[in-house]
Amino acid sequence: MKSSDKTGLVQNSSNPPENLELNDSKPIIAVTMATSRQGYSVVKHLSKSGIFHIRALTRFPSSQKSEKLSRLDNVQIVKADLLEPETLERCFSGVYGIFGNTTPTKGWVLGRGSMVRDYEIKQGRNLIDIAKKFADLGTLKHFIFSSICKPKDPLKSHPAPGHFTSKWSIEEYILKQGLKELSTILRPVSYYENFNSDLPGIKISERIFPGVVHKNKIWQTIAVDDIGLWANAIFKNPQKFQGEALNIAGEEMTGEEMATLWQQLKGQDSPTVSYVMIPRRVVNLIEHDIGLMANWIERTGYGADLKQLKSLADELQITMTPLVNWLKHKDSQSRVSTHPYIFDLPRKFEALSS
Ligand SMILES: NC(=O)c1ccc[n+]([C@@H]2O[C@H](COP(=O)([O-])OP(=O)(O)OC[C@H]3O[C@@H](n4cnc5c(N)ncnc54)[C@H](OP(=O)(O)O)[C@@H]3O)[C@@H](O)[C@H]2O)c1
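A few points on the structure.

Conventions and cut-offs
Counting of residues starts from 1 at the beginning of each chain's written sequence and follows it residue by residue. The predicted nature of this model means local features are confined to residues of pLDDT at least 70 and side-chain atom pairs, given and counted, to a pLDDT of 80 or more, with totals for whole chains, interfaces and linings taken over all residues. Nearness here is judged by the C-beta atom: place it from the backbone, and if it falls within 6 Å of a molecule or strand, the residue counts as near that partner. Where helices and strands are cited, they refer to DSSP runs of H or I of at least four residues and of E of at least two residues respectively, numbered from the N terminus. Only Asp, Glu, Lys and Arg are considered charged in this grouping, and only Ala, Val, Leu, Ile, Met, Phe, Trp, Tyr, Cys and Pro are considered nonpolar; every other residue, Gly among them, is considered polar. Should DSSP find at least two bridges between two strands, the strands are regarded as paired. Angles run from 0 to 180 degrees between N-to-C directions of axes, and those axes are lines fitted to C-alpha atoms, restricted for helices to the stretch in contact. Working definition: roughly parallel below 35 degrees, roughly antiparallel above 145 degrees, roughly perpendicular at 65 to 115 degrees, and oblique for all remaining angles. Crossings are assigned a handedness: left-handed for a near helix turned anticlockwise from the far helix by less than a right angle, right-handed for a clockwise turn. Here, residues touch in the contact sense if the C-beta positions derived from the backbone fall within 7 Å of one another.

Taken together, 22 residues surround the ligand, and among them Ser 36, Gln 38, Thr 58, Arg 59 and Leu 82 come closest. Secondary-structure elements contributing two or more residues to the shell around the ligand are α1 (37-49) and β11 (190-191). For the shell around the ligand, the per-class residue count stands at 8 nonpolar, 11 polar and 3 charged.

Following this line, the structure appears as structure tokens:
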């Protein structure tokens, strides 16, 4: 059962009432795109920490994903749209911190895919304009913007995919608006979860480890859950991270090495696992920007410093998720496909495009 309090925030009436009151001493953190994979991990870890109230922003407070979020402690589900600044204004009122995330994903169009750079930039500008209002008022103290990993040498980045450059443009807008001092830019790499997506053909199976990058190229990756771990640690250590940017990754391996790891986990008696790269022209056709991203990763690479991250994680008492643990977890949940024909869809697309 949902109801609205005087702030207009949507609440789950099964939560204890004290979790809905905002007049205790817990600082409030607003999380945009809270129902996303990344948003969920952030809300989950902030909730676990027990020291924050979380305003979880979504366009659809009654969706299943929102319902799942609302069962976490100290979480309020809040209706907001990054394209509607007035909804952000209501949700950011009185918050101590914001975890800001934006999406490039619009409607899918054949030959382009779903990612639109300007769509994401518009959301980022709304997000930052409203954050600035509350920073100027003195209520907002810490802003984390979740961007995408960026190598040090900007020349190496060019040409980068639109859903990367959109995020880096939003970073620049943060600086332009004078928010650097209270901001932290968090820059994750590709999720492990992409290897097990719900898209047909892009799922780990008994015989296949799928990917979009060439089998011999280093590809930095991360468990989406680790983004929440880092965000929580950053909110708990503002003095250490404000004014800083942090590239985060959990692994750096080639596709072949990842497939070998999966094989080792399955045992030598199980069928031979191959790394299968989805043909670039298929990727270009389905999601053009992911094709550009794959070129970029092969040419440039994300550039997170894993050694430095490990020592920072030790200092912050963060245990990052190695790929092998993530695979074990997936395996134990028996969510991996056992069908050898999972690559049918790309093959069909390839047949269409050739
Ligand atoms: N996939 C990767 O490997 C990877 C790696 C690093 C960074 N990223 C970036 O991380 C971001 C999140 O990706 P994800 O895969 O975690 O997301 P996701 O699971 O695909 O979720 C997308 C979310 O966007 C929200 N949304 C869409 N339009 C919105 C709008 N106008 N206003 C507010 N919310 C809106 C939706 O929430 P509601 O429908 O509930 O409103 C939905 O929860 C993206 O920018 C992506 O580029 C992805």
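So, about the sheet that holds β11. The strand order β11-β13-β15 describes an open sheet built from 3 strands, whose pairing is mixed. With one partner strand each, in any of the chains shown, β11 and β15 (251-253) form the two edges of the open sheet. As defined by bridge partners, β11 adjoins strand β13 (residues 219-222) across 2 bridges and the pair is classed as parallel. Its bridge partner being in β13, Ser 190 is matched across the sheet by Thr 221.

Right, let's get into the packing of helix α3 (residues 85-92) against helix α4 (residues 117-137). Packing of α3 against α4 brings their axes to within 9 Å, and their N-to-C directions diverge by 40°. Regarding the angle of α3 to α4, the classification is oblique. Crossing hand, α3 versus α4: right-handed. Every residue of α4 that contacts α3 at Pro 85, Leu 88, Glu 89 and Phe 92 is listed here: Asn 126, Leu 127, Asp 129, Ile 130, Ala 131 and Phe 134. Each residue belonging to the contact of α3 with α4 can be placed in one class, and the counts come to 7 nonpolar, 1 polar and 2 charged.

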